[in-house]
Amino acid sequence: MEDNRKKVLLIVNPCAGKNKSRTGTFDIVDKFSDDEYEFTVRTTTCQGDATNIVKRELPGKDLVICCGGDGTLNETINGVMDMPKRVPIGYVPTGTTCDLASTLGIPSDAKKATDIILSGNTNDYDIGLFNNRYFSYVASFGAFTKCSYATPQKLKNRFGHAAYVFTALGEIKDVHGIQMRIEHDGGVLEGKFSFGAISNSTSVAGMFKLIEEDVRLNDGIFEVLLVPDMKIHNIIPTIRKAQKQDYDGKHVIYLRTTKLKITSPYEEVEWTLDGEYGGKQKDIRFSVINKAIDICSPENPLFI
């Protein structure tokens, strides 16, 4: 007898957030009818594991669901992008911050997030290409961007977003300007920069809110925030300017672009991709891949 059930790969990061993924797994599977769906459940054990699971287990499946934080989603997307057939991606956010889930309108409650997947509604979503690696919603460098991956998991599980604040306070002394040449659609910027974020989201690191009227998640354009050489005594005022969307062009620069070329001639720059360590680079080529994936998400005015 032919099995017509839809085949689903569920990837679970058991350490995400406050270990919510452990109980969330049962909530997800219980929502799906055994008569209509066949599940393969895999848990991650180390960084990069979700990508490997996708490459190994996804062929022949109709849907992949990742249960974890933005980093788990990043790894899942990297795996899906290497597949000849890009199946829809469901996201059950259980991480500490989950900026992208908030932008997409996906709730942190596992059952409610699963209901969105079951609805069958998907949206085309742009992703970024950072040299030869994909990211889903933000690539960043400079001040405080290490916090998301440098903060111990035990602290994140115990204190949630406050754990990032503790780590950030310890990084103040390391804030400095990095000499860069930044080529974008509208021209060239040269000078020292203390922070930069290339994003496709209304929120970055749970701290900065971008102009919602500008952000469209599948328009082929990403938004960029840049902070020129920031001195220690200006850190708090500058952060407040960015939070208030006071992009004065001097303390905070805002632009929109489809591509970037960033060169830092004197030092390798540490990058963070979707909250995870992205390596050290001197030369970055960035581009937007328009409508690259289908992501399970509700109707949302941020999609065009």
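One can find the structure itself at the top, above this paragraph.
First, a word on what this report is: a plain description of the structure on this page.

Rules behind the numbers
- Residues numbered from 1 in each chain as written.
- Predicted model: local features only at pLDDT ≥ 70, side-chain atom pairs only at ≥ 80, totals over all residues.
- Heavy atoms only, no water.
- Disulfide = S-S within 2.5 Å.
- Salt bridge = Lys/Arg side-chain N within 4 Å of Asp/Glu carboxyl O.
- Helix = DSSP H or I, 4+ residues; strand = E, 2+ residues; numbered from the N terminus.
- Buried < 20%, exposed > 50% of the residue type's maximum accessible area, 1.4 Å probe, protein only.
- 1 Å grid on protein atoms, 1.4 Å probe; cavity = no way out; pocket = protein on both sides within 12 Å on 5 of 7 lines; lining within 4 Å.
- Points joined across faces, edges and corners; volume = space filled by probe spheres on them.
- Nonpolar A, V, L, I, M, F, W, Y, C, P; charged D, E, K, R; others polar.
- Contact = heavy atoms within 4.5 Å.
- Pairing = 2+ DSSP bridges.
- Axes fitted to C-alpha atoms, helices over the stretch in contact; angles between N-to-C directions.
- Left-handed = near helix turned anticlockwise from the far one by under 90°.

1. A short note on the state of the cysteines
Here a disulfide denotes a covalent bond joining the sulfur atom of one cysteine to the sulfur atom of another.
Thinking step 1. All chains considered together, the criterion is met by zero disulfides.
Thinking step 2. Here cysteine 67 stays free of any disulfide, with the sulfur of cysteine 66 as its closest cysteine sulfur at 7.9 Å.

2. Re the pattern of salt bridges
Thinking step 1. Overall, the coordinates contain 11 salt bridges when judged by the stated rule.
Thinking step 2. Across the pair glutamate 190 and arginine 181 runs a salt bridge whose closest N-O atoms are separated by 3.2 Å.
Thinking step 3. The shortest N-O distance in the salt bridge between aspartate 219 and arginine 256 comes to 3.0 Å. Residue aspartate 219 is located in the loop between strand 11 (208–209) and strand 12 (222–228), and its partner arginine 256 is located in strand 13 (residues 253–257); the two are separated by 37 residues in the primary sequence.
Thinking step 4. By relative accessible area, which is 31% here, arginine 256 ends up partly exposed.
Thinking step 5. Salt bridges linked by common partners bring Arg42, Arg56 and Glu57 together as one network.

3. A look at empty space enclosed by the protein
To locate leftover empty space, one rolls a probe as large as a water molecule over the atoms.
Thinking step 1. With the rule as written, the count across this model stands at one cavity of 30 Å³ or more.
Thinking step 2. A volume near 40 Å³ is recorded for the largest cavity.
Thinking step 3. Looking at the largest cavity, the residues that line it are Phe141, Ile182, Gly196, Ala197, Ile198, Val224, Leu225, Leu226, Leu260, Ile262 and Trp271.
Thinking step 4. If you list the elements that add at least two residues to the lining of the largest cavity, you get strand 9 (187–199), strand 12 and strand 14 (259–263).
Thinking step 5. Along the lines of polarity and charge, the residues of the lining of the largest cavity split into 10 nonpolar, one polar and no charged.

4. Concerning the side chain of asparagine 74
Thinking step 1. On the secondary structure map, asparagine 74 appears in helix 3 (residues 70–81).
Thinking step 2. Those residues in contact with asparagine 74 that lie beyond four places of it in its chain are Arg133, Tyr134, Phe135, Ser136, Leu273 and Asp274.

5. As for the pairing of strand 12
Thinking step 1. Strand 12 sits mainly inside the fold: six of its seven residues count as buried.
Thinking step 2. Here strand 9 pairs with strand 12 via six bridges, running antiparallel. Counted as the bridge partner of isoleucine 198 is valine 224 from strand 12.
Thinking step 3. As defined by bridge partners, strand 12 adjoins strand 13 across five bridges and the pair is classed as antiparallel. Bridged to phenylalanine 222 within strand 13 is threonine 257.

6. Notes on the packing of helix 2 (residues 49–57) against helix 3
Thinking step 1. Relative to each other, helix 2 and helix 3 sit at 35°, their axes nearing to 7 Å. Both helix 2 and helix 3 take part in a crossing whose hand is right-handed. Side by side, helix 2 and helix 3 meet where Asp49, Ala50, Thr51, Val54 and Lys55 of the first sit next to Thr72, Glu75, Thr76, Asn78, Gly79 and Val80 of the second.
Thinking step 2. Of the residues in the contact of helix 2 with helix 3, the class split is three nonpolar, five polar and three charged.

7. A word on the pairing of strand 16 (residues 276–281)
Strand residues, when the strand is regular, have side chains that alternate between the two faces of the sheet.
Thinking step 1. Both strand 15 (residues 269–273) and strand 16 contribute to a ladder of four bridges, which runs antiparallel. Among the inter-strand pairings, leucine 273 is bridged to a residue of strand 16, identified as glutamate 276.
Thinking step 2. Between strand 15 and strand 16, which pair antiparallel one after the other, the connecting turn spans two residues, and aspartate 274 there sits at a positive phi close to 50°.

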